[in-house]
Amino acid sequence: MRGRGDARSSSALAVSWRPATWHPRLDMGRLSRPRSSFSYRNLPRLLLFFLFVGPFNCLASYSRATELLYSLNEGLPAGVLIGSLAEDLRLLPRAGSRDPQSQPTEHSGTELNPPLSFSLASQGLSGQYVTLDNRSGELHTSAQEIDREELCLEGGGGAAWGGSISISSSPSADSCLLLLDVLVLPQEYFRFVKVKIAIRDINDNAPQFPVSQISVWVPENAPVNTRLAIEHPAMDPDIGTNGVQTYRLLDYHRMFTLDVEENENGERTPYLIVMGLLDRETQDQYVSIIIAEDGGSPPLLGSATLTIGISDINDNCPLFTDSQINVTVYGNATVGTPIAAVQAVDRDLGNNAQITYSYSQKVPLASKDLFHLDETTGVIKLFSKIGGSVLQTHKLTILANGPGCIPAVITALVTIIKVIFRPPEIVPRYIANEIDGIVYLKELEPVNTPIAFFTIRDPEGKYKVNCYLEGEGPFRLSPYKPYNNEYLLETTKPLDYELQQFYEIAVVAWNSEGFHVKKIIKVQLLDDNDNAPVFLQPLVELTIEENNAPNAFLTKLDATDADSGERGQVSYFLGPDAPSYFSLDSVTGILTVSTQLDREEKEKYRYTVRAVDSGKPPRESVATVAITVLDKNDNSPRFINKDFSFFVPENFPGYGEIGVISVTDADAGQNGWVALSMVNQSDIFVIDTGKGMLRAKVSLDREQQSSYTLWVEAVDGGEPPLSSTAKITILLLDINDNPPLVLFPQSNMSYLLVLPSTLPGSPVTEVYAVDKDTGMNAVIAYSIIGRRGPRPESFRIDPKTGNITLEEALMQTDYGLHRLLVKVSDHGYPEPLHSTVMVNLFVNDTVSNESYIESLLRKESEINIEEKQPQISIEPTHRKVEPGSCMPTLVALSVISLGSITLVTGMGIYICLRRGKTHHREDENLEVQIPLKGKIDLNVRERKPMDISNI
């Protein structure tokens, strides 16, 4: 079967079959009534009949079934021809055949009576995707565009032939079929046709990940070359090479790479491969962009954010920063007072970082009973009242235990000071927000913000108490006047969370006896949104080649925010001056362009991008993106005109400048450099390769050739080079370089017999001349500039036509030879050219003595020149006559001359027989008298070529 259309057209395969028991007489088409009585009302009965006889194998021999297979691309517009059932089934019979069962030729062209009719077995969904012409049997695409992915998903895993149209997706991944049942009527040509239309896939879907955020966890002790499958591969509804082909990472962090494995079903799964040693404590997370690319042309891309988390293993043990701490406890300390706290650090996470504290077995039981150690927090508290017999020094060896680790050891040396007098007291009253001994301040609090009041007093009331502030930070403790022993703690400088988040200071009170009391104050700063995001590059300069693929990656913008939490989360947005075809991912900062860029349309783009944090109110910063589109050789040279026309005067000197051929190329650099060359006529014309100046190598003669058609080719300097051609027409302007050419009379020795009976005003002869020039240079005027004869003024010439007429009646004295010198002049500029010719008129009744006339013609008597400019209208009366066009005129004149000679000769013989004698004149100056008839007879005798001279 023949395919139809272009690369997107459909193709058909027809398969006809008949059972082995088939016989023409038992053909199902002959089971119905005669065709003259058939009507489409019988169609439902016919369908019921087939439904009834279908299951019986005994009647299967009477069926005629045919299958047709077509294929076409998805997404075709309405009206595209899929196939012609009449042609593909060869239903038209051969010319001269009356047997309806005869196999027709494919191109027979014979019409059937009654005509064929095609219809779907039922209407169903047929009108949604295809249309069937009931008369011609042609299948076309309908207005509903076919989407292969939507169609096959709707069709499921296969469909039966039960309806007029159904959808079938076979087990093979690349099969998607529309199934139709078509009936061909009338009964004489009945066919039950199963039509399969295979829908071919095009690359109209980009790969898409099922989630936008993909997380992969890798143990920090994973060896190099460890492979981990990425759980959410990209999906592409397209099939074959249009499906997902490869994956890549935007940033491999020098730690990872990607590999793609394909299973037996053709599914591709990306694998993350570890390429370096990991350490969670050094970096616990890597973020990159995973890109999926299909195999279409051009390829389409899909992306998602890939977060690679490094899971912890127990590779660190608890550590103390110090090996020993010294603690002082007064003998009058209250039971339950915390006296110290130990803290070890484990860099692991979760259960791997759980630390428990315990006393070493070397610690005496008495010390354990006096001081309680919290195994979770490491806080040591006074567990019982200090008695007089208690040792003054206790050495507490404390162990920090981690899972699977050797315990870390620290020693707490506790010294008990027996108190005779009570120490000073420090009573705090907090102004700022305080929770569990920690004061919380906002970083934007102004200078001199009050934190707390402290009352310092001596319980005994006997000693003077002083106090001071211990520790570093922007704080001061000053007496609050006019009160005694009242002190105010306040800030001295602005607080900045980004510089330091936590301070620990102490208020120390001491009396004159040397007793010291210390109150620890912990200050925690609260972050505020006081920092705007900062771009690493305020000006981002990029380059990209024109004609890029859609959704091409440009760059990844990066901005940081010194604030913490949500206040430090940055989102990216395009500025209002950014063209709509640029896209910026608000989360990743990836900048892409969705369409192809054309350098010739716009070479540079400059717009702003914004980085906005999530604080309240949000802060933002702006950067500028400058994109330069690099040129590709995608434009052919272009002439400013499709056709060039130049008017050049003839006899133009060789290598003179005719004109400039202007050509441009929208590309830049080497791609825009253009060279010109001649395609034809290079033997006559030459063109300057760079400047485009057209010159003629030789002088041009309009009379030889009036115009030239040239073709010039322009080739650019790209790789590969592109070219274009232009047509050049050169029209030569006439100059007056040709005098008139006298065609009649042909010789100065020619003469014409004029009968004396010629009436005045009658034309006698004419002078006919042509001029090879054109325009005014070819306008010819005739004048008589010299006369000789008995009365030559009896003749005049029409200055426009050259017709010579008789002005006055001829008398007896006018017999003889009249000679008229005729000037034929053009109207050329600046100086007209002319030729002369002698017109000889012999007035007589007959020519009796030719030798006598010839002797008169040979005499070279002087003729007075009567130069007079003829007055005619300035219009070309003679068209330019090419040399070849004179031949018909000369042949006609020759025939007329021969006829005139024969007529005059016959008349002469008749006169001689009648008069019996011939009159001669003895005097040489006498002329033969010939009686004139009512009409003029022209008899031209050509003796020798005419000399045409220029005066």
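For every chain, the first residue of its written sequence is number 1, and the numbers climb from 1 along that sequence. Local features are withheld for residues below a pLDDT of 70 in this predicted model, meaning they are given only at 70 or higher, and side-chain atom pairs are given and counted only at 80 or more; totals for whole chains, interfaces and linings count all residues. Heavy atoms from the whole structure form the basis of all side-chain values; hydrogens and water molecules are not counted.

The name an unreviewed UniProt entry gives the chain is Protocadherin-20, with Camelus dromedarius as the organism.

Asks: Tell me what's going on with the overall build of the chain, and back it up with residues and numbers.
Replies: Helix and strand assignments come from DSSP, with helices taken as H or I runs of at least 4 residues and strands as E runs of at least 2, each series counted from the N terminus. Along its length, the chain carries seven helices and 62 strands. The buried label applies to any residue whose accessible area, calculated with a 1.4 Å probe on protein chains only, is under 20% of its type's maximum; exposed applies above 50%, and partly exposed to all values in between. Split into buried and exposed, the 951 residues of the chain put 42% on the buried side.

Asks: I'd like to hear about the sheet that holds strand E22 (residues 371-373), residue by residue, with values.
Replies: In a beta sheet, neighbouring strands are held together by backbone hydrogen bonds and run either parallel or antiparallel to one another. Here, a strand pair is defined by DSSP locating no fewer than two bridges between the strands. Read from one edge of the open sheet, three strands run E19-E23-E22, paired in antiparallel fashion. Two strands lie at the open edges of the sheet, namely strand E19 (338-341) and E22, each paired on one side alone. When strand polarity is set aside, the average angle formed by the axes of neighbouring strands in this sheet is 25 degrees. Here E22 pairs with strand E23 (residues 379-382) via three bridges, running antiparallel. Only the contacting stretch of a helix is used when fitting its axis, a line to C-alpha atoms as for every element, and angles between N-to-C directions run 0 to 180 degrees.

Asks: Any chance you could break down the side chain of Glu703 for me, citing the residues and the numbers?
Replies: Take Glu703: it is sitting in the loop between strand E50 (693-696) and strand E51 (707-716). According to the relative accessible area criterion, Glu703 is buried, its value standing at 15%.

Asks: Any details on the pattern of salt bridges? Residues and values, ideally.
Replies: Any Lys or Arg side-chain nitrogen located within 4 Å of an Asp or Glu carboxyl oxygen qualifies as a salt bridge. A full pass over the atoms with the stated rule returns 20 salt bridges. For Arg227, the salt bridge goes to Asp259, with nearest N and O atoms at 3.0 Å. With Arg227 in strand E11 (residues 227-229) and Asp259 in strand E13 (residues 256-262), this pair connects stretches of sequence that are 32 residues apart. Residue Arg227 is classed as partly exposed on the basis of its relative accessible area, which comes to 36%. Note on Asp259: relative accessible area 29%, which makes it partly exposed. Glu470 is the partner of Lys518 in a salt bridge, and the nearest nitrogen-oxygen pair spans 3.0 Å. Here Glu470 lies in strand E30 (residues 465-470) and Lys518 lies in strand E34 (residues 516-526), a separation of 48 residues in the sequence. Residue classification places Lys518 among the partly exposed positions, given a relative accessible area of 48%.

Asks: Could you give an account of the packing of aromatic side chains, with specific residues and numbers?
Replies: Each Phe, Tyr or Trp ring, with Trp reduced to its six-membered ring, pairs with another whose centre is within 6.5 Å; inter-plane angles below 30 degrees give stacked pairs, above 60 give edge-to-face pairs, and intermediate values give tilted ones. The full count for this structure, using the stated rule, is 13 aromatic pairs. Note on Phe535 and Tyr572: the rings are 6.5 Å apart at their centroids and 55 degrees apart in plane angle, and the pair reads as tilted. Placement of Phe535 in strand E35 (residues 534-535) and of Tyr572 in strand E39 (residues 570-574) is noted, with a sequence separation of 37 residues between them. We classify Phe535 as buried; its relative accessible area is 9%. By relative accessible area, which is 5% here, Tyr572 ends up buried.

Asks: Can you tell me about the state of the cysteines, naming the residues and giving the values?
Replies: In plain terms, two cysteine sulfur atoms within 2.5 Å form what is called a disulfide here. This model, assessed by the stated rule, comprises one disulfide. Across the disulfide from Cys317 sits Cys405; the S-S distance is 2.2 Å. Torsion about the S-S bond of the Cys317 and Cys405 cystine: about -85 degrees, corresponding to left-handed handedness. One end of the pair, Cys317, is in the loop between strand E16 (301-311) and strand E17 (319-320); the other, Cys405, is in the loop between strand E24 (393-401) and strand E25 (408-417), with 88 residues separating them in the sequence.

Asks: Lay out unusual backbone geometry in plain terms, naming residues and giving numbers.
Replies: Note the cis peptide between Lys616 and Pro617, where omega equals -5 degrees. Summarising the element assignment, Pro617 is placed in the loop between strand E42 (604-613) and strand E43 (620-630). In this model, Glu719 is joined to Pro720 through a cis peptide bond whose omega is 0 degrees. One can find Pro720 in the loop between E51 and strand E52 (723-733). Phi at Arg254 takes a positive value of approximately 60 degrees, unusual for a residue other than glycine. Structurally, the position occupied by Arg254 is in the loop between strand E12 (244-249) and E13. The class of Arg254 is exposed, set by a relative accessible area of 83%. At Asn448, a position not held by glycine, the phi torsion is positive, near 70 degrees. Secondary-structure assignment places Asn448 in the loop between strand E28 (438-442) and strand E29 (450-457).

Asks: Please give an account of the nonpolar core that cites residues and values.
Replies: Within this scheme, the nonpolar core is defined by two criteria: the residues are buried Ala, Val, Leu, Ile, Met, Phe, Trp, Tyr or Cys, and they are joined through side-chain atoms within 4.5 Å. Core analysis: the largest hydrophobic core is formed by 30 residues, its most contacted members being Leu85, Val195 and Ile197. When checking whether two residues touch, look at their non-hydrogen atoms; a contact exists if any pair is within 4.5 Å. Ignoring anything within four residues of it in the chain, the contact list for Ile197 reads Tyr70, Leu72, Ile82, Val130, Cys176, Leu177, Leu178 and Leu180.

Asks: How would you summarise the pairing of E23 if you had to cite specific residues and measurements?
Replies: Of the two faces of E23, the one holding Ile380 and Leu382 is buried and the one holding Val379 and Lys381 is not buried anywhere. Across three bridges, E19 lies against E23 in antiparallel orientation. Paired with Ala341 across the strands is Val379, a residue of E23. If you look at the hairpin formed by E22 and E23, you'll find five residues sitting between the two strands, and Gly378 has a positive phi there, around 80 degrees.

Asks: Please give an account of the sheet that holds strand E31 (residues 475-479) that cites residues and values.
Replies: If you trace the four strands from one edge of the open sheet to the other, you get E26-E29-E32-E31, paired in antiparallel fashion. Every interior strand has two partners, whereas the edge strands, strand E26 (425-430) and E31, have only one. Averaged over all pairs of adjacent strands, the angle between their axes in this sheet comes to 25 degrees, without regard to strand direction. In the sheet, E26 pairs with E29 via six bridges, with the strands oriented antiparallel. Following the sheet pairing, Val427 is matched in E29 by Thr455.

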